[in-house]
Amino acid sequence: MHYRYSVLSETGNEIKGLERGSYQEIRKRLKEKNYYILSLEVDFFKSIRFALEKKTIKPQTLAVFFEDLVNMLKTGIAMNEAVSALQESSVEPLIAKALSGIEYDLANGFSLARAFEKTKVFPWLVINMLKVGEKSGSLEQVFEDLAKYYSREASFLRSLKSAVIYPIIVFCMLIGIMFYVSFKVIPHLEALLPIRGNAYFSTRVLLFLSHSLKNFWLVYSLLPMAAVFIYSRFKKSSIEKAASFYYKIPLVGSIAKDAAFSTLFSNLAVLQRNGINIADALSLIEETTSYQFLAKKVQKLKDFIASGLSFWQAIEKDPFFPSFVYYSVRKGEEMGRLDEYLTSLSRYYFDKVSRRIGVLLSFIQPLLLIFCAAFLLFVVSAFIMPVYSNLSNIAGGNVKF
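Note that this is a predicted model, so its numbers are computed, not measured.

A. Quick peek at the overall build of the protein chain. When you go through the protein chain residue by residue, the secondary structure sums to 17 helices and 3 strands. Within the protein chain, counting contacts between residues at least 6 apart in sequence, those at least 24 apart form 58% of the total. Put simply, the protein chain shows about 24,400 Å² of open surface, and 62% of that area lies on carbon and sulfur atoms.

Quick look at the structure:
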């Protein structure tokens, strides 16, 4: 949230400003500066606008951007000219806006890394790689590595989306059918065909679900938001305890773990290839990863290395990593080609995740179709059976006038 504040300084001057964060954090920061708080109110317009703004660039867009940048630099033009040309040809508004700021900052003497950082839309990996590239004079190589990295990340995200979008669509359709049947179909059928207490079990279950949805639809609609709110209020310690079990879930847990390995080794390979030693690379990843469970694993590796162990020995100490990982890392360190072996590990896990997602998708789609067919059969049979029973009674003469 964004908060507007008005405070008095120690000299008695009134200061007004705007800050983003929680109420407690902003209040604490202002008090640490020895300010007397006059007012601290939420700026709803700014908060909503910030929430709706697109803040990050998609991996596919980054891959194309860095590939185009490399191709332009190979023609011999200067960096500011390449940035200007890309700004004119860009169809992505976020990229065009960022390039406009970069062009302005470069013209005013800022370094390339600082100009990229000021846009606040490029990932941490890009900023750190640019700093290394400027110091070593290998910006073209850095851009090539970033283009390859984000191209692979975009491929992974595409495969992941293809795996989840079909189940999500089917699930939403089922929810829609449930609400439509509960509000439109069942009330008419129930009026035409009074259901007695000794009705079929499927009929009673369907009526119970229908009445439940009809009477408590608002509660069911708020359940997803309540789940998100409860999760956000969980203590991090509770989430971290659950994370260790999450990776042990059959199939889904192993896919998530392999995806984490692919990203970790890919980041390390890119940083290593451009001159950042393994300890510094681990520090960068630890500081910037949003997933605290993996951050703790990276910190553990860094602590082992600080105690005098090599990278492969640090990996061997942690059972979270499979045995063949430290065998591969050991060979890479011994041959002085660690970046190549880390790249191979990343590619191995990337291909493994892609295959498993394909297998999972091949199982999910038929299961969903079977579930949909069973659900529709259940709905139909819940009313066909009473109709058939009544017709049988009429045909047998069991009708009371």
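We are not done yet, so read on.
B. Representation of the pairing of strand β2 (residues 14–20) within the structure. Where strand β1 (residues 2–8) meets β2, 7 bridges bridge the pair, whose relative direction is antiparallel. Along β2, the bridge assignment pairs R4 with L18. In textbook terms, the turn of a hairpin is the stretch between consecutive antiparallel strands, and for β1 and β2 this stretch comprises 5 residues, one of which, G12, has a positive phi near 95°.

C. Representation of the side chain of S328. Locating S328 in the fold gives a position in helix α16 (residues 323–335). Sequence-distant contacts of S328, that is, excluding residues within four places in its chain, are made with Y341 and L345.

D. Region of interest: the packing of aromatic side chains. Summed over all chains, the structure comprises 17 aromatic pairs. With a centroid separation of 6.4 Å and an interplanar angle of 20°, the aromatic rings of F66 and Y150 are classed as stacked. Here the residue F66 occupies a position in helix α3 (residues 59–74), and Y150 occupies one in helix α8 (residues 139–192), the gap between them amounting to 84 residues. Its relative accessible area of 0% is what places F66 among the buried residues.

What counts and what doesn't
Residues numbered from 1 in each chain as written. Predicted model: local features only at pLDDT ≥ 70, side-chain atom pairs only at ≥ 80, totals over all residues. Heavy atoms only, no water. Helix = DSSP H or I, 4+ residues; strand = E, 2+ residues; numbered from the N terminus. Contact = heavy atoms within 4.5 Å. Areas by Shrake-Rupley, 256 points an atom, 1.4 Å probe, with all protein chains shown as cover. Pairing = 2+ DSSP bridges. Phe/Tyr/Trp six-rings, centres within 6.5 Å; stacked < 30°, edge-to-face > 60°. Buried < 20%, exposed > 50% of the residue type's maximum accessible area, 1.4 Å probe, protein only.

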